[in-house]
Structure formats: structure tokens, C-alpha cells
Amino acid sequence: MVNEIKRQDEEQELDILFARHSIYTKNRDVEYYELLFRSKDNTFDPNIADEQATFEVIVNNYANVIKDGMQKTVPCFIKVTDDLLLNNKLPDLPKGRFVLSLLGRSKITPELVAKLKELGNQGVRLALSDYDPRERRFDVLLNIVHIIKLDIQRLGMENLPGLIAKLKPFHLELLADKVESQEQYNQCATMGFSLYQGFFLSEPATVRGKKIGANKTVLLQLLTEFDRPGANAKSIEELALNDPNLTYKILKVVNSAAFNTPKEIISLSHAISLLGMAQIKRWVVIFMTTGEECAVPDLVSNMLVRGRMCEIISEMTGQHDPISHFMVGLLSQLDVLLNIEMCDLLDQMPLTNEISNAILDHKGKMGEILSDVKYYQHGDFDSVKGDVNSTVYQVAYRHSIKWADQVMKAT
């Protein structure tokens, strides 16, 4: 599997590390992705060998959103420097696919203003990051840019109403950045922000004592059965048949584009045999997440990416039992999905101590890999301490996004 992943991505190797952060609407749909990357100056580098190939990789791997089984492409924010804009280093960008994000440290010269006006007249979407209302140099940009990003932590929640009133005449899209809790999200929504970014979807709105729903009971029984020494396709089938919806899901997965399997399935145990016990165990864990009502698709997708990436890194570093690494990665955000504190959640699940400790405290090798994958997902590339080359993380991340998209379509 590792060689296959390397071969698939061999022609798309980039000299730059990419991760993506979601930018949401009020309905928590993904409207944009912000591309986070590491290069010499942490800004977009147009000098990659084949610019068109680079854009193809970005659009095809980092800009796709799956919702209700359908795929759509959303624009990506990319940071640009004054030098990139003024010295004609910016390559032709696919129309409507990118938003140019101007940095707060930019020098607002007449030349830069003229260039931004020119780009705007060409239909290029422009955003201003790091806006500070105390710096009057930004005022001239308020009639040019389309989106303004407000760091609510730095500006202070109490100062936002007055600032929003000041910006209202310019008819800008206001993006609340660094939204880190449900409470902050609700306050920003009331104030009139149209876009939101931050970790407010990464923390559970916990309800102490809440139990896993009854529809998860069969899934938990299956997880226990998988760890029984005598477990086989028939014993798994006997449990799965107690949930007709689960039976349908397994059969649907076998017939999905994610697997090259025969179309004629004579029984559920036949389907289980075709996929193998390890694959079925993986899908049982996936069904713990994708079957949750009112789940935010982007959160579920990120959970899938994390699980798959943990699995790939474990294989590339020679760890035993990669499927356990997958479970650690995927379940590490189950508390957010179910709104149950993680310690309470783990008490209700038949997981080994090794897996539970990795999820809860990042202990052991599984916990170390989980930490590295979380750092990578957040774009904190320098904190990744793994045993493999940084490019391997990029390849694993890109592959995991593709795989998560397939799963979201299949389920």
C-alpha cells in the first residue's frame, strides 16, 4: 500500500508543504479553504517547476468539498507578498479558484494600490489579513478588497461592534478569525459576520453524563467481537444483521468506487470476506462517525483524513497494527462529533488501554503519530517530530484527503 501511495503521488511531488484550514458560512458549510504552507517566507512560491501542474494539484487535492455525496470545488485563500504582486511574479490563476490574501505587514504604496485595483478589475477576489483599525494606512484598501479578516482574539470581542459599524459602509465580507469556541461563534454570528475560521469545531460543547446513542450499540458490539480470538466473517455477520441499515452500508461500501470488488454479493459474510476483517473493522469505526445526525460534513472529513494519515505514517515507519493507528486518529475527535467529554466517551467504548491512552494523553508511539498528524493538519509543520522526511507527510496528507473524499461519497 505504501509503494502504491508513493507511486500515485510521484508525479505530483511539490517542494512545498501544504495543509488547509476551512472557512465556514453561518450554516457551517465550507465556503473557502485557506492554504497553509511552508516555504522560504511562508508565502506562495510561484517558482515551482511546473506552475500549471502545481495549480492542478492544489485545486484537485485541497479545494474539493464533499457534501451529501456530491463534490464541489471551493476557492482557496493564498497569501501574497508585495514583491509577488509588484514584480509580475504572480502566474495566471484559474478564474474563480483563488483569493489573494494581502498580508498585514504590506507597505501600502501607490504602486501596490494601483496593482490591487487592476487585479480587482480583472475579477480577482482580494482579502486583507491582519487588519488593525488603528493603522490608517489600511483605510485606502477598504474600497478595493472584498473580504477583510478580523482576528477576534487580538482585537477583543468587546471592540468588535464598533469596528463592524465603521466597516459597514464598505460592504465587505467580514471573516471572523481565531474563533475558538461555540460561544464566540454565536457572538460573531449575532454581530453580522458572514465567514468564520478557527477551532470552534474542534472542541466539544460537552454534556457531562451523556451516553452514546442506541443506534451505536451494534457498532460497539462489533468492535468487541473483532478483538475476540475466534472472530470470523460469520460471527461478524450475525451481529451486523441486527442492524439492517448497517448491513446496507457494508454492501454499499463493497460496491463503491473505493474498492475493486465483484458486483455480485451472495451474503453479508461474503462481502466481509471480500473486504477482509481489517477493512471491515476500519469501516465499523468510520460508521461510528458518518452515521451521526446533524454532523458537520467538514468535521467528519477531517476526522477521516486524520485517521487515514495516522495509518499511513504508521505503515511508513514500520509500526505494527496500522488499523489501530487509524482508530486512534479517527476517534480522537469523536468527542467533538458526539458532544461527550473524551474521558466519558472512552469509558463507554471497548478500546484497549494503549489506544485509549494514545487518544486521551498522546502516549506511546500511536500517541506520538497522532500528535504529529494534528500538527500537520493545523499547518504547524515545524512541530512535526516524526521519523520520516517531511515530504512523506505531504504525500500522506494529500492521499488522505483523496481517500476521505471517496469515503464521504461512499457513505
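Notes on the structure follow. What you are looking at is a predicted structure, and each value in this text was computed from that prediction instead of being measured. (Residues numbered from 1 in each chain as written. Predicted model: local features only at pLDDT ≥ 70, side-chain atom pairs only at ≥ 80, totals over all residues. Heavy atoms only, no water.)

Secondary structure assignment for the protein chain yields 19 helices and 10 strands. Put simply, the protein chain has 411 residues, and 54% of those count as buried. Restricting the contact set of the protein chain to residue pairs at least 6 apart, pairs at least 24 apart contribute 64%. Carbon and sulfur atoms provide 47% of the accessible area of the protein chain, an area that totals close to 18,800 Å². (Helix = DSSP H or I, 4+ residues; strand = E, 2+ residues; numbered from the N terminus. Buried < 20%, exposed > 50% of the residue type's maximum accessible area, 1.4 Å probe, protein only. Contact = heavy atoms within 4.5 Å. Areas by Shrake-Rupley, 256 points an atom, 1.4 Å probe, with all protein chains shown as cover.)

Turning our eyes to something else, we now look at helix 18 (residues 364–377). Under the 1.5 Å per step criterion, the end-to-end length of helix 18 is 20 Å for 14 residues, consistent within 8% with the ideal 20 Å. Those residues of helix 18 not exposed but buried are M366, G367, I369, L370, S371, D372, V373, Y376 and Q377. Those residues of helix 18 hidden inside the fold are in contact with strand 1 (17–24), helix 13 (297–316), helix 14 (322–331), helix 17 (353–361) and helix 19 (390–410). Just past helix 18, the residue G379 takes up positive phi, approximately 80°. (Expected span 1.5 Å × (residues − 1).)

A few words now on the side chain of Q197. On the secondary structure map, Q197 appears in the loop between strand 10 (195–196) and helix 8 (217–226). Looking at Q197, the relative accessible area reads 4%, which means it is buried. Reaching out from Q197, the side chain makes a polar contact with the side chain of E34 at a distance of 2.8 Å. Those residues within four positions of Q197 in sequence are excluded, and the remaining contacts are H21, S22, I23, E34, K149, L175, A176, D177, K178 and V179. (Polar contact = N/O pair within 3.5 Å; in protein donor to acceptor, adjacent residues only side chain to side chain.)

A word on the pairing of strand 7 (residues 125–128). For strand 6 (residues 98–102) and strand 7, the ladder comprises four bridges, and the chain directions are parallel. Paired with S101 across the strands is A127, a residue of strand 7. Each parallel crossover has a hand, and for strand 6 linked through helix 4 (residues 110–121) to strand 7 it is right-handed. (Pairing = 2+ DSSP bridges. Right-handed = clockwise from strand over helix to strand, strands pointing away.)

Scanning all chains against the criterion turns up 13 aromatic pairs. Between Y24 and F200, the aromatic rings sit 5.7 Å apart at their centres with planes inclined by 75°, giving edge-to-face as the arrangement. Of this pair, Y24 sits in strand 1 while F200 sits in the loop between strand 10 and helix 8; the two residues are 176 residues apart in sequence, bridging distant segments of the chain. Under the relative-accessibility criterion, Y24 is labelled buried at 5%. Centre to centre, the rings of Y376 and Y397 are 5.0 Å apart; their planes meet at 50°, and the pair counts as tilted. Of the two residues, Y376 is situated in helix 18 and Y397 in helix 19; the sequence distance between them amounts to 21 residues. Assessed through its relative accessible area of 1%, Y376 is described here as buried. Exposure remark for Y397: the relative accessible area of 3% places this residue in the buried category. Here a set of aromatic residues connected by ring pairs shows up, and it is made of F18, F37, Y62, Y376, F381, Y393 and Y397. (Phe/Tyr/Trp six-rings, centres within 6.5 Å; stacked < 30°, edge-to-face > 60°.)

Relative orientation of the contacting elements helix 17 and helix 18 amounts to 30°, with a least axis distance of 8 Å. Comparing their axes, helix 18 and helix 17 come out roughly parallel. The hand of the helix 17/helix 18 crossing is right-handed. When helix 17 is examined against helix 18, the residues E354, I355, A358 and I359 are found in contact with a partner set consisting of M366, G367 and L370. Grouping the constituent residues of the contact of helix 17 with helix 18 by class yields five nonpolar, one polar and one charged. (Axes fitted to C-alpha atoms, helices over the stretch in contact; angles between N-to-C directions. Parallel < 35°, antiparallel > 145°, perpendicular 65-115°, else oblique. Left-handed = near helix turned anticlockwise from the far one by under 90°. Nonpolar A, V, L, I, M, F, W, Y, C, P; charged D, E, K, R; others polar.)

This part takes up the packing of helix 13 against helix 19. Two quantities define a packed helix pair, namely the angle between the helix axes and the distance between the axes. The contact between helix 13 and helix 19 brings their axes to 8 Å, and the two run at 135°. Classified by the angle between their axes, helix 13 and helix 19 sit oblique to one another. Note on packing geometry: the crossing formed by helix 13 with helix 19 is right-handed. On helix 19, the residues touching P297, V300, S301, L304, V305, R308, M309, I312, I313 and M316 of helix 13 are V392, Y393, A396, Y397, H399, S400, I401, W403, A404, V407 and M408. Residues belonging to the contact of helix 13 with helix 19 are distributed by class as follows: 17 nonpolar, three polar and one charged.

Relative to the helices and strands, V59 is located in helix 2 (residues 51–62). Accessibility expressed as a relative area gives 8% for V59, which makes it buried. Put simply, V59 and T73 are 14 residues apart on the chain and 7.5 Å apart in space, counted from C-alpha to C-alpha. V59 has contacts with N64, T73, R97 and F98, leaving out every residue within four places of it along the chain.

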